[in-house]
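# Commentary on secondary and tertiary structure
For reference, the chains in residue letters:
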Amino acid sequence: MIKAPRISLYVPAHYITHIGKLLQAMGIDALQWLKECEASPKLLEDDSLWLPRRQYEQLVEEALRLSPVPDIGLRLGEMLGIGSHGLLGYGLLLCEDLAQATRLLNKYISTRSGFIKTAIEETSDSLNIQICSTFENQALHQAFCETVAVSLAKLFTVLAGQDRMAAVIKAVHFDFAKPDYIASFQHHLPTSLYFSAHDCVIGLEKQWLHHHFSQADEMALKQLTRQFEQQLKQISTDIPESWQHKVQAILKQEQHCVPALQDVAKLLFVTPRTLHRRLIAEGTSFRDLMVTHKKTQAEKYLSESAMTIQQVAWALGYDDVANFRRAFKTWFNLTPTQFRQQILDKATTP
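So, here is what we can say about the structure in this document.

Quick notes on the rules
Residues numbered from 1 in each chain as written. Predicted model: local features only at pLDDT ≥ 70, side-chain atom pairs only at ≥ 80, totals over all residues. Heavy atoms only, no water. Pairing = 2+ DSSP bridges. Helix = DSSP H or I, 4+ residues; strand = E, 2+ residues; numbered from the N terminus. Axes fitted to C-alpha atoms, helices over the stretch in contact; angles between N-to-C directions. Contact = heavy atoms within 4.5 Å. Salt bridge = Lys/Arg side-chain N within 4 Å of Asp/Glu carboxyl O. Expected span 1.5 Å × (residues − 1). Buried < 20%, exposed > 50% of the residue type's maximum accessible area, 1.4 Å probe, protein only. Polar contact = N/O pair within 3.5 Å; in protein donor to acceptor, adjacent residues only side chain to side chain.

### Regarding the sheet that holds strand E3 (residues 116-122)
Backbone-to-backbone hydrogen bonds join strands into a sheet, with any given pair of strands oriented parallel or antiparallel. The mixed open sheet is built from five strands, whose spatial order is E3-E4-E7-E5-E6. In this open sheet, the two strands that pair with only one neighbour each are E3 and strand E6 (192-194). Strand after strand, the sheet turns through a mean of 15° between neighbouring axes, direction not considered. Relative to the sheet, helix H6 (residues 98-108) contacts E3, strand E4 (126-133) and strand E7 (200-205), its axis offset from that of E3 by approximately 145°.

### Considering the pattern of salt bridges
Counting across every chain of the model gives eight salt bridges. A salt bridge links Arg54 to Glu57, with the nearest nitrogen and oxygen atoms 2.8 Å apart. Taken together, the residues span about one helical turn, with Arg54 and Glu57 both in helix H3 (residues 53-66) at a distance of three residues. Between Arg54 and Glu61 there is a salt bridge whose closest N-O contact spans 3.4 Å. Residues joined in a network through salt bridges with shared partners are Arg54, Glu57 and Glu61.

### Quick look at helix H7 (residues 138-159)
Here H7 is 22 residues long and its end C-alpha atoms lie 31 Å apart, about the 32 Å a rise of 1.5 Å per residue gives. Most of H7 sits inside the fold, with 19 of its 22 residues counted as buried. Of the residues that open H7, the one with a side-chain oxygen 2.9 Å from the backbone nitrogen of Ala139 is Asn137. Once H7 ends, the next one or two residues include Gly161, with phi positive near 70°.

Right, dumping it as structure tokens:
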């Protein structure tokens with residue numbers, strides 16, 4: 001767990017704290033939940049931390065498994081008030097009206113979650129906000145869409161200054177079949193509901209789009225927008241376009257272990273075969289990238305650490321030190337011992 005991730009394989013841990021509180025309210029040991037997923041107990045107190053994307057998914061998967069009720073997604077959405085959305089929630093309050101608020105949300109929602117994308121489409125009688133999750137697992141996708149739909153529907157209703165959700169939210173469409181717990185949907189989303197739709201969409205009544213917000217503050221919003229832009233840069237920093245760079249970024253990140261092709265492919269949400277094909281299309285291969293990575297790390301360990309030759313070999317995934325020595329001799333035309341001695345000689349030469 002880190003505070004400032006370098007690549008998009010890490011995501012903000014926002015809302016994990018709320019999931020933990022919801023599990024505790026259901027009588028489930030939230031600390032044990034975190035322990036099962038090898039996550040820090042600090043997540044129950046601090047949602048400003050960052051998590052590997054896969055670990056975030058594991059936490060949600062485990063929460064779904066532990067939940068004694070099927071509508072945990074809806075219940076989580078009900079828990080999330082405007083204050084739960086951090087600076088983004090505050091920014092929405094500072095907007096001039098609901099139209100500006102939806103644009104702000106659409107542009108900066110990724111600062112709160114690495115698993116959601118939205119799009120806005122205006123029709124003659126409604127403003128439609130399409131919700132797309134990046135979860136491949138259908139159960140995660142459904143729970144996530146339920147949470148987002150309830151949370152945003154509540155949020156828009158409050159921003160419009162209304163008490164009845166149906167007055168502001170024209171309809172909510174879900175891209176999955178009607179579940180058995182439909183009564184819970186009707187309770188948390190008292191408006192028109194549609195299932196088995198092409199997309200997950202929240203439709204807002206257009207008459208509320210230009211309802212003026214009492215807390216609107218143009219200058220404060222501009223200052224906050226600059227912070228959002230910095231957060232976007234942090235999230236997107238060094239996200240490379242090429243698959244070669246993506247693999248290199250992961251290998252650099254996982255420098256204390258040697259991930260296999262299938263491990264890297266899983267982190268990139270593709271099959272090993274697909275990753276292999278895409279690297280070949282770029283004129284390289286996973287094996288070539290791994291050799292370059294091992295060569296770089298071997299040079300670093302021998303130059304900058306007191307690790308023994310055997311420890312370096314193990315760190316690079318070699319069970320047999322002799323195999324490492326042969327590989328190293330191929331890379332540098334020196335044995336590891338000769339290479340290290342050369343470094344020492346240079347350091348002591350006046």
